[in-house]
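# Survey of secondary and tertiary structure
Chain by chain, the residues:
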Amino acid sequence: MRVTMRRVLLVVGSVVALMVTLHLGQQILECQQVLSERRHRLMRPENEELVMMDSNHIEYRYSKEMPLIFIGGVPRSGTTLMRAMLDAHPEVRCGEETRIIPRVLAMRQAWSKSGREKMRLDEAGVTDQVLDAAMQAFILEVIAKHGEPARYLCNKDPFTLKSSVYLSRLFPNSKFLLMVRDGRASVHSMITRKVTIAGFDLNSYRDCLTKWNKAIEVMYSQCLEIGRSRCLPVYYEQLVLHPEQSMHAIMKFLGISWSDTVLHHEELIGKPGGVSLSKIERSTDQVIKPVNMEALSKWIGHIPGDVLQDMAHIAPMLARLGYDPYANPPNYGHPDPLVVNNTHRVLKGDYKTPANLKGHLQVTQNTSSSH
């Protein structure tokens, strides 16, 4: 009897031990699952989408695979006009300059160029793959969240296109609009409007034209390297003289359906889903007007004679881009009737600053960085 009782107790003990073991095993598996889920939430996978909701509760999903649009060029080349015209499209949102994206790209480029710094980063486990994933997430977050959600997002930071080859790898379906303008006009605008840019001496047309040439050469070369299927040079003069023809070509390049609203951006400034402008940005006082020829040839008669004489040597990119370096004035072409009418209205002073602009009136010099 004692033996039988012992066997019963032994069996019961074994069963209890087995049940406890199974229970503990189940608890361990559940803990591991919870920890795994937490790690998943903390470390977003590269293909995870950024989800946003607009005021109408429409959901938008953004990822590195989305067709981002990057607008850039040398400052004072029409980048703000270009983004305002795109912003007028009901399915596109660009918004103001972020200012931070070109700075971060410049830092990333500096780390890559320094062999010693790259070695230190690699040894610390901060590899190119880690940095690129971080750059993707950061840039996408900034572009997506600094304005209202829309089907198509674009970024306008002029010097961002100095990193267009790198960006084209980060965002494989992105497209680029490189704004090209006669360098003499761009430089005259910088100097007369006191738009300070790091490295540009605003007291010297010669220096500014030299720096313009260097900057546009870098951007244009990268645009060609990416290829015409992804990077489109947009000539400011042609956009102003022939806005409808130019915008049709641009929308076709971007794969976005046509909307007449892109030809009347000034009517949508400050309106919901329209064009958001800030009084702080230097180009706002010009972009509040309809597309017009007012700024096309303002530079004529203001550039020193010795600089004009050496123009082909100072700025060889003028000729490469199709401008005659010795034409004063140049022949940019004949404007469309709509543009002629817009220009007459602007010269009469029909267009005033809207009351619904962001920020305050600019009273100090705007500072950009050329990196």
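Residues numbered from 1 in each chain as written. Predicted model: local features only at pLDDT ≥ 70, side-chain atom pairs only at ≥ 80, totals over all residues. Heavy atoms only, no water.

### Thoughts on the environment of Gly78
Along the chain, Gly78 turns up in the loop between β3 (69–72) and α2 (79–87). Judged by relative accessible area, Gly78 falls into the buried class, the value being 13%. When the C-alpha atoms of Gly78 and Tyr236 are compared, they prove to be 5.9 Å apart, with 158 residues separating the residues in sequence. The residues touching Gly78, leaving out its near neighbours within four places in the chain, are Met179 and Tyr236. (Helix = DSSP H or I, 4+ residues; strand = E, 2+ residues; numbered from the N terminus. Buried < 20%, exposed > 50% of the residue type's maximum accessible area, 1.4 Å probe, protein only. Contact = heavy atoms within 4.5 Å.)

### Here we look at the confidence of the model for the protein
Looking at the protein, pLDDT values average 88 and 83% of them are 70 or higher. Residue range residues 39–44 is modelled with pLDDT below 50. Its contacts to residues more than four positions away, or to other chains, number three contacts. This model gives residues 360–371 a pLDDT under 50, and the stretch forms 32 contacts once residues within four places in sequence are excluded. (pLDDT = per-residue confidence, 0-100.)

### Description of the nonpolar core
Ranked by size, the top nonpolar core spans 86 residues in total, and within it Met82, Leu86, Leu177 and Met247 carry the most contacts. In terms of residue count, helix α8 (residues 205–226) provides more of this core than any other element does, ten residues in total. Not counting residues within four places of it along the chain, the set of residues in contact with Leu86 comprises Ile69, Ile71, Val92, Cys94, Leu177, Met247, Met251 and Leu254. Judged by nonpolar contacts, the second largest core, of eight residues, contains Ala88, Ile269, Val275 and Leu357. (Core = buried A, V, L, I, M, F, W, Y, C linked by side-chain atoms within 4.5 Å.)

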